[in-house]
Each structure stands twice: as structure tokens, then as C-alpha cells.
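Fold and contact review
The chain contents come next:
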Amino acid sequence: DAGITQSPRHKVTETGTPVTLRCHQTENHRYMYWYRQDPGHGLRLIHYSYGVKDTDKGEVSDGYSVSRSKTEDFLLTLESATSSQTSVYFCAIRTGEGANYGYTFGSGTRLTVV
Amino acid sequence: KNQVEQSPQSLIILEGKNCTLQCNYTVSPFSNLRWYKQDTGRGPVSLTIMTFSENTKSNGRYTATLDADTKQSSLHITASQLSDSASYICVVSGYGGSQGNLIFGKGTKLSVKP
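Residues numbered from 1 in each chain as written. Chains lettered and ligands numbered in written order. Predicted model: local features only at pLDDT ≥ 70, side-chain atom pairs only at ≥ 80, totals over all residues. Heavy atoms only, no water.

On to the interface of chain A and chain B, then. Taken residue by residue, the interface counts 23 residues in chain A and 21 residues in chain B. Contact between chain A and chain B buries roughly 1,700 Å² in total, counting both sides, with carbon and sulfur atoms accounting for 50%. Three residues, Y101(A), Y103(A) and F105(A), lead the burial of chain A against chain B; their summed loss comes to 29% of the area buried on that side. Counting across the interface, chain A meets chain B through five residue pairs in polar contact (both at pLDDT 80 or more). Only β4 (32–37), β5 (44–51), β9 (87–95) and β10 (102–105) of chain A provide two or more residues apiece to the side of chain A that touches chain B. The class makeup of the residues in the side of chain A that touches chain B is twelve nonpolar, eight polar and three charged. (Contact = heavy atoms within 4.5 Å. Buried area = accessible area lost by both parts, 1.4 Å probe. Polar contact = N/O pair within 3.5 Å; in protein donor to acceptor, adjacent residues only side chain to side chain. Helix = DSSP H or I, 4+ residues; strand = E, 2+ residues; numbered from the N terminus. Nonpolar A, V, L, I, M, F, W, Y, C, P; charged D, E, K, R; others polar.)

Structure (C-alpha cells):
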């Protein structure tokens, strides 16, 4: 996906361990988002950022924290992973201005907590 | 409650046939409506975006319609191809907010068979 990469693409971790997912963009966009996608649900917003060191909670933020120390990187951390956090995680950037702004999504990170 | 409902949940069609996917929403106030295509193992990719004043938008073989009065949208795929096999997600935006106010539908999974 142009301008946005997620790492790792797949991860298996044990319950109770910390996990950090990385989202990297190359185009200096201000807004970045973390979503999770689960069967039977639409994508749900976890956290978002509107600038360096500026972040806020989304709909399903419990158990997650984020950091954005520079424009290009937005990190999602699970402090102590639980099985309910097994999911596919997508990062997105907001592009464009005005009424036709868009969202570009990364390819996702499939996280399994065992 | 802001909601986006899509139908059908899944659909199987033969290559070369047309199909129409439906999206009903209760999001208010309404800003715009987007259709995304999500291939298996990938992030969503934008197909169309429509604001309140637009009632049709095309992108190649994909044509989206919007009836803001009845709060309904449809995505019509013409002359389907095997590569159209994917999930199609309807996303509605409310006004304002850095978080994007995106409400995601659960998607329609389309399978195109030879």
C-alpha cells in the first residue's frame, strides 16, 4: 500500500506479554489511526493521532496504548496481551483536504494471542 | 445509535454477471459515504466517495448510488471478473472530529466463480 507499512505482518504471542505494532508512513500526513477487524464486526477505532505527541482514544481503547514521537511512526502497544486481543490490526492515514479527504489503509497485522 | 447495515452478507455470482450490494445507514449528521474493496489478507482500498449532494459515482465497472433521503446506498458491479472476489465495505462519515467519525459496515463477501 502506497506510503504506509505495518510491521510485523504476523505475530503469535503468549497471554500476558507486551506487544508493539508499528505503522510507518512516508508522506508526512498529520492524522493516523489504529483499527481492529474481527469477524462479525466492522472495523473499530482503537486510538488515533492528530500530530506528534497528540493522541486520543477511540471506541475500543481499553488494554491498548499508543505513541507518536515523530510524524512518520505510530506505535500501538498491548501492555499485557489477552486472548480477546487476537485480531487483525490496521493502521490508516488520512490523506487530502476538504470534502474529498481519503483514508489509506496498511496491509494489516494479524495478531494471535495464545 | 449510528449504524451501517450491509446486505447480503455474502454473495456468489458467475463471472461476467452483474451484481448489486446494498448499504443502509442511520448515521446523523451525514458527511459522506465511501465504498471500499478489501481483498483477503489486505487492507481496504477506496472505490468511491460520495457527499450529500451526489447521487452517483463511478469507478470503472463499479458504480455507487446514494439516496440521502432514504439513507441508502448501493454498489453495482458490472461484468464481474474473478478479481472482484473480495469483501466490500460501506463506510459512512459524520461531521467533524479528528477521529474521522467513520462508521464501518460489516461488509459483503463477494465470490466470483468461473
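Inspection of every chain in the model, using the stated rule, returns two disulfides over all chains. Put simply, C23(A) and C91(A) are joined by a disulfide, and their sulfur atoms are 1.9 Å apart. The S-S bond linking C23(A) to C91(A) shows a torsion near -75 degrees; that makes this disulfide left-handed. Of this pair, C23(A) sits in strand β3 (residues 19–25) while C91(A) sits in strand β9; the two residues are 68 residues apart in sequence, bridging distant segments of the chain. Accessibility assignment for this pair places C23(A) and C91(A) in one class, buried. Between the sulfur atoms of C23(B) and its disulfide mate C90(B) the distance is 2.0 Å. (Disulfide = S-S within 2.5 Å. Buried < 20%, exposed > 50% of the residue type's maximum accessible area, 1.4 Å probe, protein only.)

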